[in-house]
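Chains, contacts and geometry: an overview
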Amino acid sequence: MEQLIRVLRDKGFKITPQRRAVITALAKCGKFPTAQRIWDYVRTITPDVSFDTIYRNLSLLVELGIVSEIHTKGREGNVFEIVETDHHHHLICVSCGTTQCLDFCPVSHGDLAKAEAGGFKITSHSLEFYGYCRECASAG
Ligand SMILES: [Zn+2]
Ligand SMILES: [Zn+2]
Ligand SMILES: [Zn+2]
């Protein structure tokens, strides 16, 4: 958590109480909190904060690459994760919304080279996999 704060500071961002609270929430809310869940947590620290402020701060952390936003397509909205490991992808259950980290990247260098054939220089990519988790798949 202190590391995230350091990254923000290094990039010239002020560490406002809301920003600190958002980062605390990300660290404390368990894996894959929604923006709503982060907002609920932050309001226990700084009660006057608006959902917009939370969302703006989350978007900033995502833009800086220190938090990833996972598009769950679920009723409760996207979930967030502090980026701790190398880039990785997620498996998302479209039935119950469970998200799991996939610890390898299924994109090959060959595929990337093919995608760059037209002269486009790829610097990053994001990819999410949708389907049914083991529980939902076996429930039929
Ligand atoms: Zn499921
Ligand atoms: Zn992950
Ligand atoms: Zn990848």
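Quick notes on the rules
- Residues numbered from 1 in each chain as written.
- Chains lettered and ligands numbered in written order.
- Predicted model: local features only at pLDDT ≥ 70, side-chain atom pairs only at ≥ 80, totals over all residues.
- Heavy atoms only, no water.
- Core = buried A, V, L, I, M, F, W, Y, C linked by side-chain atoms within 4.5 Å.
- Buried < 20%, exposed > 50% of the residue type's maximum accessible area, 1.4 Å probe, protein only.
- Helix = DSSP H or I, 4+ residues; strand = E, 2+ residues; numbered from the N terminus.
- Contact = heavy atoms within 4.5 Å.
- Donors = N, O, S within 2.8 Å, 3.2 Å for Na, K, Ca; no water.
- UniProt positions renumbered as here; feature names shortened; annotations may be inferred.
- 1 Å grid on protein atoms, 1.4 Å probe; cavity = no way out; pocket = protein on both sides within 12 Å on 5 of 7 lines; lining within 4 Å.
- Polar contact = N/O pair within 3.5 Å; in protein donor to acceptor, adjacent residues only side chain to side chain.
- Pairing = 2+ DSSP bridges.
- Tetrahedral: all angles 85-135°; square planar, octahedral: opposite > 155°, others 65-115°.

A few words now on the nonpolar core. Core analysis: the biggest nonpolar cluster contains 22 residues, and Val22, Leu26, Ile38, Val42, Ile54, Leu58 and Leu61 have the highest contact counts within it. Mapped by element, the contributors of at least two residues to this core are helix H1 (2-10), helix H2 (17-28), helix H3 (35-43), helix H4 (51-63) and strand S2 (79-82). The element contributing the most residues to this core is H2, with 5 residues. Non-local contacts of Leu26, meaning those with residues more than four positions away in its chain, are made with Pro33, Ile38, Leu58, Leu61, Val67, Phe80 and Ile82.

Before going further, it helps to spend a moment on the coordination of the zinc ion (ligand 2). Within the protein, the atoms that donate to the zinc ion (ligand 2) are Glu81 (OE), Glu81 (OE), His88 (NE2), His90 (NE2) and Cys101 (SG), at distances of 2.0 to 2.4 Å. When the donors of the zinc ion (ligand 2) are listed by position in the chain, the intervening gaps give E-x6-H-x1-H-x10-C. Taken individually, Glu81 and His88 each receive the classification buried, so the pair is uniform in this respect.

Once that is clear, we can look at the UniProt feature "binding site: Fe cation" (unreviewed entry) in the protein. Mapped onto this numbering, the UniProt entry gives "binding site: Fe cation" (unreviewed entry) at His87 and His125. For this annotated set, covering 39 residues, all C-alpha atoms fall within 9.0 Å of each other, a compact arrangement in space. The subset of the named residues that lines the largest pocket consists of His87 and His125. In this structure, His87 sits in the loop between S2 and strand S3 (89-93). There is a polar contact of 3.3 Å between the side chain of His87 and the side chain of His89. Among the secondary structure elements, His125 is positioned in the loop between helix H5 (109-115) and strand S5 (128-131). Within the local environment of His125, its side chain forms a polar contact with the side chain of His87, the two groups lying 3.2 Å apart.

Quick look at the side chain of Glu81 now. Structurally, Glu81 can be placed in strand S2. At a separation of 3.0 Å, a polar atom in the side chain of Glu81 contacts the side chain of His90. If we ignore the near neighbours within four places in the chain, the residues touching Glu81 are Lys31, Phe32, Ile66, Val67, Ser68, Ile70, His88, His90 and Cys101.

Quick look at unusual backbone geometry now. With phi around 55 degrees, Phe32 is a residue other than glycine that occupies positive phi space. Mapped onto the fold, Phe32 is located in the loop between H2 and H3. By relative accessible area, which is 14% here, Phe32 ends up buried.

Regular strands show a simple pattern: their side chains alternate between the two faces of the sheet. Buried residues dominate S3, accounting for 4 of its 5 residues. Strand direction decides the pairing type here: S3 and strand S4 (residues 99-102), joined by 4 bridges, are antiparallel. Bridge assignment links Ile92 to a residue of S4, and that residue is Thr99. Counting the residues between successive antiparallel strands, the hairpin from S3 to S4 contains 5 residues, one of them, Gly97, with a positive phi of roughly 85 degrees.

On the protein side, the zinc ion (ligand 3) has His87 (NE2), His89 (NE2), Cys105 (SG) and His125 (NE2) as donor atoms, found 1.9 to 2.2 Å from it. The coordination sphere of the zinc ion (ligand 3) comprises 4 donor atoms, whose angles at the metal cover 103 to 112 degrees; the geometry is tetrahedral. Between consecutive donors of the zinc ion (ligand 3), the numbers of intervening residues give the motif H-x1-H-x15-C-x19-H. With His87 in the loop between S2 and S3 and His125 in the loop between H5 and S5, the pair connects residues that are 38 residues apart, well separated along the chain.

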